[in-house]
Amino acid sequence: MATFSVAIVYFVVLFTTEVFTTYVQRPGPDDCEPVVVAHRGSSGYITEHTLGSYALAVTQGADYVEPDLVMTKDGHLIARHENQLEKTTDIAHRPEFADRYRSMSVLGVNISLGWFTEDFTLAEIKTLRTIEPIPLIRPGNTRMDGSMEVPTFQEIIDLVKGLEISQNRTIGIYPELKNGAYFRSIGLPMEQAVVEIFLRNGYIGPLVPVYIQSFEANSLRILKNITDLRLLQLIGRVSVQDKASMISPEGLKDIATYAHAIGPHKNHIIPRDFRNRLGTPTSLVIHAHDVGLKVHPYTFRAENAYLPVEFRSDDPADSALGNLDGELEAYLATGIDGLFIDQPDYLVRLKSRFCNRHL
């Protein structure tokens, strides 16, 4: 009996050691910079925030998949760019939910009309089907309208873990908490919910392939007190006073007290001039690196509508694909550590030329 028990213990230790060794040796998302963050999945090719979009991003070589998270009435985290549902689902054509159409109020101010995730249970959300939110820019994505569900955060993690096996590499997860203050105000604290899901799935400590991001500094400060997972402070495009202070050397020092990285709008790194051409790079990347912050700007897209004039195609249509490689090369030359991109395969192709290995 004792011999049998020792044999079992030996087997368990050996198996655990082999699994751990395999995990450690498996290529990871931070092994080589710049990291490729698949913005809403591979959203330039498949409807954003769907399992199909995330899966394509991984098979294209993305290092991280990036779901935006909001909450349901019964406290589940789901992937939507905002809590307003009619922009990305077929809810407007669902008569059974017509009576849920309402105005949304924040601090007593009506800010929008529509259907909102916090008025629906997860079971109800699962009856909806996704649609392409920018059909004029991405008409090809509309071919999948009505074919996919709204995924939960847990389903995204399950997908990533499954793809890690087939891809034989570690894939990062990079969620953004949307409207954290609002959800806290209605009794749905997202910060605790996202940390608990990560913990249940074995994501513990600052070395795991996770970033949690938010535009709300207060949300990140709450997270700093309950987790040591890496955090990223998003910085908006418009330089209102609080955002302008964030990109100053003093503001960056403050961010470094609670976050590992910043995600500035790309115009803060290379502004555009009055002709909508790229101008002279700022010193933001240098100042951020000086205080130990990684820099992952957003958002890079291949369509003319989003490109500087000099990188647009001869086809004048907003939906036409321009020279995204040219824009990427300009930004990579500034020393950024990664970026958010809707067509991750573009950066994957370029990455080997700029790769800074950490192995």
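As the structure is a computational prediction, the values presented were derived from the model and not from experiment. (Residues numbered from 1 in each chain as written. Predicted model: local features only at pLDDT ≥ 70, side-chain atom pairs only at ≥ 80, totals over all residues. Heavy atoms only, no water.)

Peer 1: Would you explain unusual backbone geometry in this entry?
Peer 2: Trans is the common state for peptide bonds, and a negative phi is the common state for residues other than glycine. A cis amide bond, omega 5°, links Glu33 with the succeeding residue Pro34. The residue after Tyr298, namely Thr299, is reached through a cis peptide bond having omega -25°. When you line up the elements, Thr299 lands in the loop between strand S13 (294–295) and helix H11 (324–332). The phi torsion at His49 lies on the positive side, around 55°, for a residue other than glycine. Along the polypeptide, His49 turns up in the loop between strand S2 (35–39) and helix H2 (51–59). (Helix = DSSP H or I, 4+ residues; strand = E, 2+ residues; numbered from the N terminus.)

Peer 1: Sorry, what's going on with the sheet that holds strand S3 (residues 64–66) here?
Peer 2: Within a sheet, adjacent strands bond to each other through the backbone by hydrogen bonds, running parallel or antiparallel. Taken together, the 4 strands give an open sheet; going across it, the order is S8-S3-S2-S14, and neighbouring strands pair in parallel fashion. Two strands bound the open sheet, and with one partner strand each, they are strand S8 (172–173) and strand S14 (338–341). Across 2 bridges, S3 lies against S8 in parallel orientation. Paired with Tyr64 across the bridge in S8 is Gly172. (Pairing = 2+ DSSP bridges.)

Peer 1: Sorry, what's going on with the pattern of salt bridges here?
Peer 2: A side chain with one charge can pair with a side chain of the opposite charge if their charged atoms come near. Overall, the coordinates contain 23 salt bridges when judged by the stated rule. Among the salt bridges present, the one from Glu118 reaches Arg102, with a minimum N-O distance of 3.4 Å. With a gap of 16 residues between them, Glu118 in the loop between strand S7 (109–114) and helix H3 (122–125) and Arg102 in strand S6 (residues 102–106) connect regions that are remote in the sequence. Residue Glu118 is classed as buried on the basis of its relative accessible area of 7%. (Salt bridge = Lys/Arg side-chain N within 4 Å of Asp/Glu carboxyl O. Buried < 20%, exposed > 50% of the residue type's maximum accessible area, 1.4 Å probe, protein only.)

Peer 1: Please clarify how the packing of helix H6 (residues 190–200) against helix H7 (residues 217–226) should be interpreted in this entry.
Peer 2: Axes are the key here: two packed helices are described by the angle between their axes and the distance separating the axes. Remark: H6 packs on H7, axes separated minimally by 9 Å, with the N-to-C direction vectors making an angle of 45°. By the angle class used here, H6 and H7 are oblique. The element H6 and its partner H7 pack so that their crossing is right-handed. Of the residues in H7, those touching H6 at Glu191, Gln192, Val194 and Val195 are Ser219, Ile222, Leu223 and Ile226. Split by residue class, the contact of H6 with H7 holds 5 nonpolar, 2 polar and 1 charged. (Axes fitted to C-alpha atoms, helices over the stretch in contact; angles between N-to-C directions. Parallel < 35°, antiparallel > 145°, perpendicular 65-115°, else oblique. Left-handed = near helix turned anticlockwise from the far one by under 90°. Contact = heavy atoms within 4.5 Å. Nonpolar A, V, L, I, M, F, W, Y, C, P; charged D, E, K, R; others polar.)

Peer 1: Honestly, the side chain of Arg301 in this entry has me stumped. Any pointers?
Peer 2: Relative to the assigned elements, Arg301 resides in the loop between S13 and H11. The buried category is assigned to Arg301, whose relative accessible area is 16%.

Peer 1: Help me understand the pairing of strand S12 (residues 261–264) in this model?
Peer 2: In the case of a regular strand, side chains alternate between the two sheet surfaces. Side chains of S12 alternate between two faces, with Ala261 and Gly263 and Ile262 and Pro264 buried alike. Both strand S11 (residues 230–235) and S12 contribute to a ladder of 4 bridges, which runs parallel. In the sheet register, Leu234 faces S12, and the bridge partner there is Gly263. Sheet topology places S12 next to S13; 2 bridges connect them, and they run parallel. Bridging across to S13, Ala261 finds its partner in Lys294. Running through helix H10 (residues 284–290), the crossover from S12 to the neighbouring parallel element S13 is right-handed. (Right-handed = clockwise from strand over helix to strand, strands pointing away.)

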